[in-house]
Amino acid sequence: MLNIEKYGAIDIGSNAIRLLIATIIEKDNQQPQFKKTSLVRVPIRLGADVFLEGKVSDENYKRMVDAMNAYSLLMKTHGVVKYRACATSAMREAANGNEIADKIREETGINIQIIDGQDEAAIIASTDLQDLIDTDKTFLYVDVGGGSTEFTVFANGRTVASKSFKLGTVRVLNDMVRESVWEEVKKWIKKSTKKYDKISLIGSGGNINSIYKSSGRKLGKPLSYFYLANYYERLKSYTYHDRIFELQMNPDRADVIVPATRIYLSAMKWSKAKNIYVPKIGLSDGIIKSLYNEKRAKEMEVEI
């Protein structure tokens, strides 16, 4: 007997706002299947407002309302039974973040939860990384966003350290990351990984996904430090407009991809990782998984 349901996840980031609709297929006592049914991304770049002006602008508020209305209709059309909307770095730092969330709920019916960096890291970690990685290996998970980067160390199949830093691509672009922040990240990574002989990176976020896609690697095969370093030099040799035209990048990707690549490379260097795996998962996947886990927990309570 098959049970098929659709869940929705809205990720309100500092660079873009995404809606992921996933289909969950359950059959008897077998492991459920999670299929990405639809992914829609709108590059609103809230971080450019918030990190410079301290609040979300009226213009971007209107764009958010339009996006949420569109997402609401899409979820309704798909027959989504449950959804969650999470806002990260830009919304949690905006002076009017809570006010904007309240107004959006009134206008669109979408309830936005503003989560902190630790919650963000925990939600991302709730994705089944053990399906994607060897549990007997040690990994540094790096999720690069527009406003912050979450770092998590996995050893022996479990989380041993996790921290969120205000080191994001939109911040770097706007020259808002002091050298002391880079030093803090360097210190944390070195301290958290020093007792492990061999470590690999797991990278998530739109930028590393874009790099991975352009590499032509088969899913599951890592990128080497050497490959990423060469790619970084190549990126820097192009102008912003050349990246859009020659490398066929989206305009909202062509600028942030440079600081993003620098963050991944730095994390590899400081952890002495030779490879980076790109399983193409992120916050929206974690939201879907956490919604499903909550549903299963409730079912177990009823059975007891």
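Below you will find a few notes about this structure. (Residues numbered from 1 in each chain as written. Predicted model: local features only at pLDDT ≥ 70, side-chain atom pairs only at ≥ 80, totals over all residues. Heavy atoms only, no water.)

Overview of the overall build of the protein
Cut-off, in case you're wondering: Put simply, DSSP H or I for four residues or longer makes a helix, DSSP E for two residues or longer makes a strand, and each gets a number counted from the N terminus. This radius of gyration counts C-alpha atoms alone. The globule rule is 2.2 Å times how many residues there are, raised to the power 0.38. Accessibility here uses a 1.4 Å probe with only protein chains present; expressed as a share of the type maximum, an area under 20% marks a residue as buried, one over 50% as exposed, and anything in between as partly exposed. Here a residue-residue contact requires only that any non-hydrogen atoms of the pair lie within 4.5 Å. For the accessible areas, the method is Shrake-Rupley and the probe is 1.4 Å, while residue cover comes only from the protein chains on display. None of His or the chain ends enter the tally, which takes Lys and Arg as positive and Asp and Glu as negative. Just so you know, the charge point we use is NZ for Lys, CZ for Arg, CG for Asp and CD for Glu.
Helices and strands together make up the secondary structure of the protein, namely 14 helices and eleven strands. Here the C-alpha atoms of the protein give a radius of gyration of 19 Å, agreeing with the 19 Å that 2.2 N^0.38 yields for 304 residues. Structurally, the protein occupies a C-alpha span of about 50 × 50 × 35 Å along its principal axes. By the burial criterion, 51% of the 304 residues in the protein qualify as buried. In the protein, the proportion of contacts linking residues at least 24 apart, taken out of those at least 6 apart, comes to 67%. Total accessible area on the protein is roughly 15500 Å²; 48% of this is exposed by carbon and sulfur atoms. Of note, the protein has its 46 positive side-chain charges centred 6 Å away from the centre of its 38 negative side-chain charges.

A short note on the side chain of Thr 88
In this structure, Thr 88 sits in the loop between β4 (82-87) and α3 (89-93). If near-sequence neighbours (up to four positions away) are discounted, Thr 88 is found in contact with Ile 12, Gly 13, Ser 14, Ile 115, Glu 120 and Leu 283.

Topic: the sheet that holds strand β9 (residues 199-204)
Here is the rule we go by: Only when DSSP finds a minimum of two bridges between them are two strands counted as paired.
If you trace the six strands from one edge of the open sheet to the other, you get β8-β7-β6-β9-β11-β10, paired in mixed fashion. The open sheet has two free edges, formed respectively by β8 (158-165) and β10 (223-224), since each of these has just one partner strand. In terms of strand pairing, strand β7 (residues 149-155) meets β8 through seven bridges, oriented antiparallel. Residue pairing for β8: Thr 152 is matched across the bridge by Ser 162.

Regarding the sheet that holds strand β1 (residues 2-12)
Through backbone hydrogen bonds, the strands of a sheet pair up, either in parallel or in antiparallel fashion. Under the convention used in this document: In this analysis, axes come from line fits to C-alpha atoms, helices being fitted only over the stretch in contact, and the angle between any two N-to-C directions falls in the range 0 to 180 degrees.
Within the open sheet, the five strands sit side by side as β3-β2-β1-β4-β5. Their pairing is mixed. Taken across any chain shown, the strands that pair with only one partner, and hence form the sheet edges, are β3 (33-42) and β5 (112-114). Ignoring which end each strand starts from, the neighbouring axes of this sheet average 20 degrees apart.

A word on the nonpolar core
Counted only if it meets this: In this text, buried Ala, Val, Leu, Ile, Met, Phe, Trp, Tyr and Cys residues form a nonpolar core when linked through side-chain atoms within 4.5 Å.
Grouped together as the largest cluster of nonpolar side chains are 42 residues, with contacts concentrated most on Leu 140, Phe 151 and Leu 167. The leading source of residues in this core is helix α13 (residues 257-271), at nine residues. Once residues lying within four places of it in the same chain are set aside, the contact partners of Leu 167 are Gly 147, Ser 148, Thr 149, Val 172, Val 177, Val 181, Trp 182, Val 185 and Ile 263. Formed by 30 residues, the second largest nonpolar core is a distinct cluster that contains Tyr 61, Val 65, Ala 101 and Ile 112.

Describing the pairing of β7
With seven of its seven residues buried, β7 lies for the most part within the structure. Alternating residues of β7 divide into Thr 149, Phe 151, Val 153 and Ala 155 and Glu 150, Thr 152 and Phe 154, and every residue in both groups is buried. Note: strand β6 (residues 138-144) against β7, six bridges, orientation antiparallel. Directly across from Tyr 141, in β7, lies its bridge partner Thr 152.

Function cannot be inferred from these measures alone, as they are strictly geometric.
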